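# Residue-level structure breakdown
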Amino acid sequence: MAESIIVTGAAGVLGRAVVAELAQGGAKVIAVDVAKDIGGVGQAASVGGVDLTDAGATEAAYAGIVAEHGPLAGLANIAGGFRWEDVTGGSVDTWDLLYKMNVRTTLNSSKAALAGLAQGGGAIVNVGAAGAVRAAHGMGAYAASKAGVMRLTEALAEEYKDKGVRVNAVLPSIIDTPVNRADMPDAEFSRWVTPEALAGVIAFLLSDKASAITGALIPVTGRV
């Protein structure tokens, strides 16, 4: 069996772009999402209804993927979420929610995939955020959660650098999605990062061409 690459959050705009980029490059892609019916993921096999905030459910899903599709060569952790909220006027529940959506999903997914990756080598790519380097107004909870993803990336890279597994993260600015356009209708969209451009960077980091890169936090900010 050919080695597989798992893409989480595959039903989203960026997830679909990453699936398409990897499949176009000849990879055997497994599209994973919490949505039960992913649909429209092209050449990828799909596994829906996976709650990545649940460690046990994630482990079971990934074990099933390996049993059906063969060893893993890579993992793209795209699943996550965003909320804009003031610290003083907001809720602590938002901080807990974004921790679950961004940090816990990345942690559970990575741990579930690492057993197979550590045996044959491979790569993990996470999604941090350029906005987590310095939090702007309304971005406290989101920036904190994405900073957690960035520190997790560095810690895993150190743990696995002698086991043949590379772990890196991309730090996008504003991604050009329909939701972001609707939220910021007066913005200059051409300055934003397209999902396809970001997917290209992720695919590169998963490839053998990036074999010398691990523990990197790579800004992908367009002209923002």
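Data block above holds the structure.
None of these values were measured; they are calculated from a predicted model.

### Some points on the overall build of the protein
Scanning the protein from N- to C-terminus turns up 6 helices and 7 strands. Counting from the amino terminus, helix and strand elements in the protein follow one another as β-α-β-β-α-β-α-β-α-β-α-α-β. For the protein, whose C-alpha radius of gyration is 17 Å, the value lies close to the compact-globule estimate of 17 Å for 224 residues. Over its C-alpha atoms, taken along the principal directions, the protein stretches across nearly 50 × 35 × 30 Å. Expressed as a percentage of its 224 residues, the buried residues of the protein come to 45%. Here the contacts in the protein between residues at least 6 apart in sequence split such that 66% fall between residues at least 24 apart. Split by element, the accessible area of the protein, about 10,600 Å² in all, is 54% carbon and sulfur. The protein carries 17 positive and 22 negative side-chain charges, and their two centres are separated by 3 Å.

### Some words on the pattern of salt bridges
Inspection of the entire model under this criterion finds 3 salt bridges. The residue R151 makes a salt bridge to E154 at a minimum N-O spacing of 2.7 Å. Here R151 and its partner E154 are both found in helix α4 (residues 140–160), 3 residues apart, which amounts to about one turn of the helix. Classification of E154 by relative accessible area gives partly exposed; the value is 30%. In this structure, the salt-bridge partner of D176 is R181, at a minimum N-O distance of 2.7 Å.

### Some remarks on the side chain of K146
When you line up the elements, K146 lands in helix α4. Salt bridges are absent for the buried K146, whose nearest opposite-charge side chain, D33, sits at 13 Å. Among all residues touching K146, those that are not within four sequence positions of it are N102, V127, G128, A129 and A132.

### Description of the nonpolar core
Residues V18 and I202 are the most contacted members of the largest nonpolar core, which totals 30 residues. Sorting the residues of this core by element identifies β1 (4–8), α1 (13–24), β2 (28–32), β5 (122–127) and α6 (195–206) as the ones contributing at least two each. Ignoring anything within four residues of it in the chain, the contact list for I202 reads V18, A76, I78, V125 and V170. Formed by 22 residues, the second largest nonpolar core is a distinct cluster that contains V50, I65, Y160 and V165.

### Details of the packing of α1 against α6
Packed helices, taken two at a time, are described by the angle between their axes plus the distance between the axes. Direction vectors running N to C along α1 and α6 enclose 55°, while the axes themselves pass 8 Å from each other. Taken as axis vectors, α1 and α6 run oblique relative to one another. α6 is crossed by α1, and the crossing has right-handed handedness. Taken together, the residues of α6 that come into contact with α1 (itself represented by V13, L14, A17, V18, E21 and L22) are P195, E196, L198, A199, G200, I202, A203 and L206. Its residues assigned to classes, the contact of α1 with α6 shows 11 nonpolar, 1 polar and 2 charged.

### A short note on the pairing of strand β4 (residues 72–77)
With 5 of 6 residues buried, β4 lies mostly within the body of the structure. Bridge analysis of β1 against β4 gives 4 bridges, and the strand direction is parallel. Counted as the bridge partner of I5 is G74 from β4. Note: β4 against β5, 4 bridges, orientation parallel.

### Some remarks on helix α2 (residues 55–69)
Taking 1.5 Å of rise per residue, 15 residues should cover 21 Å, and α2 covers 21 Å from first to last C-alpha, within 8% of that figure. Turning to α2, its buried residues are T58, A61, Y62, I65 and H69. Take α2 and look down its axis: the buried residues cluster within an arc of 95°, on one side only. Those residues of α2 that are exposed and angled more than 90 degrees off the buried face are A60 and A67. Near the N-terminus of α2, the side chain that reaches the backbone nitrogen of G56, with its oxygen 3.0 Å away, is that of D54. A positive backbone phi angle near 95° is found at G70, which sits one or two residues after α2.

Cut-offs and rules
Residues numbered from 1 in each chain as written. Predicted model: local features only at pLDDT ≥ 70, side-chain atom pairs only at ≥ 80, totals over all residues. Heavy atoms only, no water. Helix = DSSP H or I, 4+ residues; strand = E, 2+ residues; numbered from the N terminus. Rg over C-alpha atoms; globule rule 2.2 N^0.38 Å. Buried < 20%, exposed > 50% of the residue type's maximum accessible area, 1.4 Å probe, protein only. Contact = heavy atoms within 4.5 Å. Areas by Shrake-Rupley, 256 points an atom, 1.4 Å probe, with all protein chains shown as cover. Lys, Arg positive; Asp, Glu negative; His and termini not counted. Charge placed at Lys NZ, Arg CZ, Asp CG, Glu CD. Salt bridge = Lys/Arg side-chain N within 4 Å of Asp/Glu carboxyl O. Core = buried A, V, L, I, M, F, W, Y, C linked by side-chain atoms within 4.5 Å. Axes fitted to C-alpha atoms, helices over the stretch in contact; angles between N-to-C directions. Parallel < 35°, antiparallel > 145°, perpendicular 65-115°, else oblique. Left-handed = near helix turned anticlockwise from the far one by under 90°. Nonpolar A, V, L, I, M, F, W, Y, C, P; charged D, E, K, R; others polar. Pairing = 2+ DSSP bridges. Expected span 1.5 Å × (residues − 1). Arc of directions from axis to C-beta. Polar contact = N/O pair within 3.5 Å; in protein donor to acceptor, adjacent residues only side chain to side chain.

Fair warning: the whole summary comes from geometry, so function is off the table for now.
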